[in-house]
Amino acid sequence: MSKLVAIIGATGPQGGSVLKTLYASGKHKLRALTCNPDSSIKALVAKYPGIELGQADLDDASSLCKAFDNVDTAFGMTDYYALMQKEQDKGVVDAAINAGVKMLVYSGMDSMTVLSGGKYTNCVHFDNKHNIEEYLNSKSDAIGGFTVEFTFPLKPTTKIPLVDTVNDVGPVVKYVLEHPEECLEEAIEVSGGYYEAQAMADAFTKATGKPARFVQIPYEAVGSDELAQMFKGIDEFGLFAGRKDFIERNKEIDYTFTTPTEFWKHRGWTGPDQ
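Please read all numbers here as calculations on a predicted model, not as lab measurements.

Asker: Quick question: what am I supposed to make of the sheet that holds strand S3 (residues 52–55) here?
Answerer: The strand order across the open sheet built from five strands is S3-S2-S1-S4-S5, with neighbouring strands paired in parallel fashion. Edge positions in the sheet fall to S3 and strand S5 (103–106), since each has one partner strand and no second. Between one strand axis and the next, the sheet turns by 20 degrees as a mean value, whatever way the strands run. As paired elements, strand S4 (residues 73–76) and S5 share four bridges and run parallel to each other. Across the sheet, the residue bridging to Thr73 is Met103, located in S5.

This is the structure:
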C-alpha cells in the first residue's frame, strides 16, 4: 500500500520540486499543503490529477494536525519572513509528532553564527532554521527520524586517506618484511585511497542503514590551537601531501584494503545514543 506524503509549500519552489518528483515516481499518495488555498493550488489539481489538497497554517497547531492526519511522511520548510521573527516550524515538528507522522523531512540550514565562529550573528533566518533542525533531532525518538552528524573542521572537498588500523597495518608490514630492498629507507603510506568526508558519511549509512551527513565546523571549534592547525594543514596540503603512488603499490600487496563501508562494519558503531 502506498504511503501518504504531505508536502508543505506545494505551490512554492521547494515543495513544488518535491511534489513534481514524487508524483512522477508514482510510488506515493500525495497531499499538497499550502497556507492560502487560491488559484495556484487549484492549478495543481489539473497538473497532478489524483493528489489531495489541504490547508496548513504554520502558526495554527490544529490546522497542522488536521493537515497531517493519516500522513506517513511529511516534507517541511519555513517561510523566510516569518523566520525573521520566530522559529516558526517548531510547530510543524510538534504537530507531526501529535499526528503520528513516522518521518519528517525538513529543509534546514547551517547556523551562520556557528559557521563563522561568532563573527556573523545576525543571519536570523539561518540560525532559526538550524535551531528548528536541532529541535527536530531532539524529538527523534518521538518522530522516528534521526540523522547522525559527523562534524569536522574540514572543507567538503578535502580528501583524506582512509586506514583501518586494526586490519590494514599488518599486511603492509608483512609486505615490507618480504620486500626489504624495495622498501628500505622509504616512507610507506598505509591507506586504501582518498575519500571526502561526505563519502565516509554515506558509507556509514550503507553499513548501518542510518541516515548520516558531514557538517563542516570552524577550525576554532576543536578547542585547541594544535588541532586547529592540524585541520588547517590538512585542508591546505592534504595528508600524504596528496601523494598517490601508494595506491599503485597496493596492487602488489596480496591484500584488499578496507573500503569505507567495511570500515564502519568493522567498527560496529551505529551512532550516538539518542
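Asker: Is there a simple way to think about the pairing of S4 in this case?
Answerer: Consecutive residues of a regular strand have side chains that alternate between opposite faces of the sheet. Residues Thr73 and Phe75 line one face of S4 and the alternating positions Ala74 and Gly76 line the opposite face, and both faces are buried. Bridge count between strand S1 (residues 3–8) and S4: three bridges; the pairing is parallel. Paired with Val5 across the two strands is Thr73, which belongs to S4.

Asker: Would you take a moment to explain unusual backbone geometry for this structure?
Answerer: A negative phi angle is the norm for most residues apart from glycine, just as the trans form is the norm for most peptide bonds. Although it is not a glycine, Asn70 adopts a positive phi angle of roughly 65 degrees. Mapped onto the secondary structure, Asn70 falls in the loop between helix H3 (61–67) and S4. Residue Glu185 is not a glycine yet carries a positive backbone phi of 60 degrees. The exposure class assigned to Glu185 is exposed, which follows from its relative accessible area of 78%.

Asker: In this structure, what is going on with the packing of aromatic side chains? I would like to understand it.
Answerer: We describe a pair of aromatic rings using the distance from one ring centre to the other and the angle between the two ring planes. Applying the stated criterion across every chain yields a total of 10 aromatic pairs. Ring plane angle 65 degrees and centroid distance 5.0 Å describe the contact between Tyr23 and Tyr48, whose orientation is recorded as edge-to-face. Here Tyr23 is found in helix H1 (residues 13–25), whereas its partner Tyr48 is found in the loop between helix H2 (39–47) and S3, with 25 residues between them in sequence. Judged by its relative accessible area of 30%, Tyr23 falls in the partly exposed class. Of the residues examined, Tyr48 reaches a relative accessible area of 7% and is grouped as buried. Arranged with centres 6.3 Å apart and planes meeting at 40 degrees, the rings of Trp264 and Trp269 form a pair that is tilted. Here Trp264 falls in the buried class, since its relative accessible area comes to 12%. A residue is classified by how much of its surface remains accessible, and Trp269, at 35% relative accessible area, is partly exposed.

Reading the values: the criteria
- Residues numbered from 1 in each chain as written.
- Predicted model: local features only at pLDDT ≥ 70, side-chain atom pairs only at ≥ 80, totals over all residues.
- Heavy atoms only, no water.
- Pairing = 2+ DSSP bridges.
- Helix = DSSP H or I, 4+ residues; strand = E, 2+ residues; numbered from the N terminus.
- Axes fitted to C-alpha atoms, helices over the stretch in contact; angles between N-to-C directions.
- Buried < 20%, exposed > 50% of the residue type's maximum accessible area, 1.4 Å probe, protein only.
- Phe/Tyr/Trp six-rings, centres within 6.5 Å; stacked < 30°, edge-to-face > 60°.

So yeah, pure geometry; function would need other evidence.
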